[in-house]
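As a plain string of letters, each chain reads:
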Amino acid sequence: QVQLVESGGGLVQAGGSLRLSCAASGLTFSYCNMGWFRQAPGKEREFVAAISRSGSTTYYADSGKGRFTISRDNAKNTLYLQMNNLKPEDTAVYYCAADRAPLNVRTTARAYDYWGQGTQVTVSS
């Protein structure tokens, strides 16, 4: 059974930082491209960042460029998202996702096969 479990969310003031983690089990983590998505109340789920199987290729949504860093540790089956200089508009539930048959790194939600339950990030002004 595939499980993706996010952690690290919370309440932070604008300008602060958080590091999200996603622990994966039940799949061959190192074979999967991985992504982070987020969904704010009343809005559609949107792409945040993605990383290739080896970690050599990364993509970011414009909203997070220069502030967010996606990384992975294949030995620990764990995905990370370092978020710095957080803004109130970053408030959302953040989800990690796995693409089990990646041809290349993808940024659309429908390309991903497995999803975590999400972790809440709230940024106060």
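It should be noted that the structure appears before, not after, this text.
These notes cover the structure that comes with them. Starting from 1, residues in each chain are numbered consecutively following that chain's sequence as written. Where totals are concerned, whole chains, interfaces and linings use all residues; where local detail is concerned, this predicted model gives features only for residues with pLDDT of at least 70, and gives and counts side-chain atom pairs only at 80 or more. Hydrogens and waters are ignored; side-chain quantities use all the structure's heavy atoms.

## What about the pairing of strand 11 (residues 119-124)?
So, point 1. Alternating residues of strand 11 divide into Thr119, Val121 and Val123, all buried, and Gln120, Thr122 and Ser124, none buried.
So, point 2. Summarising the sheet, strand 2 (residues 10-13) and strand 11 pair through four bridges and their orientation is parallel. Each bridged residue has a counterpart across the sheet, and for valine 12 the counterpart in strand 11 is valine 123.
So, point 3. One bridge is not enough; two strands pair if DSSP finds at least two bridges between them. Under the scheme used here, helices are H or I runs from DSSP no shorter than 4 residues and strands are E runs no shorter than 2 residues, and both carry numbers assigned from the N terminus. In this structure, strand 9 (residues 92-99) lies alongside strand 11, joined through three bridges in antiparallel fashion. Paired with alanine 92 across the two strands is valine 121, which belongs to strand 11. Working definition: with a 1.4 Å probe on protein chains only, accessible area under 20% of the residue-type maximum means buried, over 50% means exposed, and in between means partly exposed.

## Looking at the packing of aromatic side chains
Each aromatic ring pair is specified by the distance between its two centres and by the angle formed by the two planes.
So, point 1. The aromatic pairing rule takes the rings of Phe, Tyr and Trp, using the six-membered ring of Trp, and pairs them if the centres are within 6.5 Å, calling planes under 30 degrees apart stacked, those over 60 edge-to-face and the rest tilted. By the definition in use, this model includes four aromatic pairs.
So, point 2. Consider the rings of tyrosine 112 and tryptophan 115, whose centres lie 6.4 Å apart with planes at 65 degrees: the pair is edge-to-face.
So, point 3. Taking the relative accessible area as the measure of exposure, tyrosine 112 reaches 5% and is therefore buried.
So, point 4. Linked through ring pairs, Phe37, Phe47, Tyr112 and Trp115 together constitute an aromatic cluster.

Nothing here speaks to function; it is geometry throughout.
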